[in-house]
Amino acid sequence: MVDYKLLFSKFEESIKKNLFISEEEFSKRLQPFLEMDFRKKSDKDIFWIIVYVNFYSGIRAVTIERKLDLIKSELYDYQKISDLDEDEKLRIISKIGFPKKCGYCFKNAKSFQELIDKYGSFENYVKSFNINSLTPNTDNIERLRNDLKNRFYGLGPRTVNHLLTDLGFNVLKPDRVICRIFFRLGLIDSIDDLNGAIREGKNFEKAIGKPIRYVDIIFVKYGQMGKSEQFGTKDGICLENNPKCQMCNAKEFCKYYKEKIQPASLQF
Ligand code: SF4
């Protein structure tokens, strides 16, 4: 029987020992992840979430974090982007890079404008799926997920869950980092077990009584390579190659550590 609360606390303890900012500042930077709720955001803020999840998809998070202010300054306002001419689009692409992702954002701005024209607001659009809370019925969230994937470019199976999570829905984005950590812990059967990762994310959420996005960001920062200016972490710990198990307080619960790392260390 997994003690999810205890296990999660081990990850929190370890990540807090690996900061280049104070614990207090780290908690402050995590605060938005405890309060995500699209109903409290403007439609422009919601479009901005569609933009940034697109950029994070498939690219190292630290690379996007460094460009986030620039991306926001150019691609935040869907009304403005919908009307750009080709020269303006090329100017933006030359500043930001990632031409394919910028191209998705230009097209998505038009689709977002159409959505707002039709429903009046993003909140009304969500309500049209009979969704009235952040913990919707499975069929309704599935219908919303599919509609979002059809409406907007760049929303694959993982990225659409990133979007739903950052809108505040009780859905975990099972990205590769989380799947790797859950697999190493022995909580899921394979690194591709996305449904298992979603189930385990919910188990953590229930146990700690904090939103799933908080659970998500702790694990993501735990396993992502590189220093994060945004969160103040020096580097990930449970890295894909050479995980830093000596820094990890969750060792005693980790199948990978017990089966692969510990036996090798005992040979010396
Ligand atoms: S592999 Fe190492 S770093 Fe990753 S969870 Fe297990 S003990 Fe922690």
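Since we're looking at a predicted model, the values are computed, not measured. (Residues numbered from 1 in each chain as written. Predicted model: local features only at pLDDT ≥ 70, side-chain atom pairs only at ≥ 80, totals over all residues.)

Moving on, we come to the overall build of the protein. Of regular secondary structure, the protein possesses 14 helices and zero strands. Shown N-terminal to C-terminal, the secondary structure of the protein runs as helices and strands in the order α-α-α-α-α-α-α-α-α-α-α-α-α-α. Its C-alpha atoms give the protein a radius of gyration of 20 Å, within 12% of the compact-globule value 18 Å for 268 residues. With the C-alpha coordinates aligned to their principal axes, the bounding extent of the protein is approximately 65 × 40 × 35 Å. (Helix = DSSP H or I, 4+ residues; strand = E, 2+ residues; numbered from the N terminus. Rg over C-alpha atoms; globule rule 2.2 N^0.38 Å.)

In terms of domains, the protein is made up of domain 1 (1-36 + 170-268) and domain 2 (39-167). Look at where the C-alpha atoms of domain 1 and domain 2 centre, and you get two points 27 Å apart. Each partner contributes to the interface: domain 1 provides 18 residues, whereas domain 2 provides 14 residues. At three residues, helix α13 (residues 212-223) tops the list of elements feeding residues into the side of domain 1 that touches domain 2. Looking at the side of domain 1 that touches domain 2 residue by residue, the classes come out as seven nonpolar, five polar and six charged. (Domains from an automatic or database assignment. Contact = placed C-beta atoms within 7 Å. Nonpolar A, V, L, I, M, F, W, Y, C, P; charged D, E, K, R; others polar.)

The next subject is the site of the ligand. Neighbouring the ligand are 13 residues, the closest being Cys238, Cys245, Cys248, Cys254 and Tyr257. In terms of residue count, helix α11 (residues 176-185) provides more of the shell around the ligand than any other element does, three residues in total. Residues belonging to the shell around the ligand are distributed by class as follows: 11 nonpolar, no polar and two charged. (Near = placed C-beta within 6 Å.)

A few words on helix α1 (residues 4-16). Helix length check: α1 (13 residues) gives 18 Å between terminal C-alpha atoms against 18 Å at 1.5 Å per residue, within 8%. Among the structural elements, α12 (194-208) and α13 are those in contact with the buried residues of α1. (Expected span 1.5 Å × (residues − 1).)

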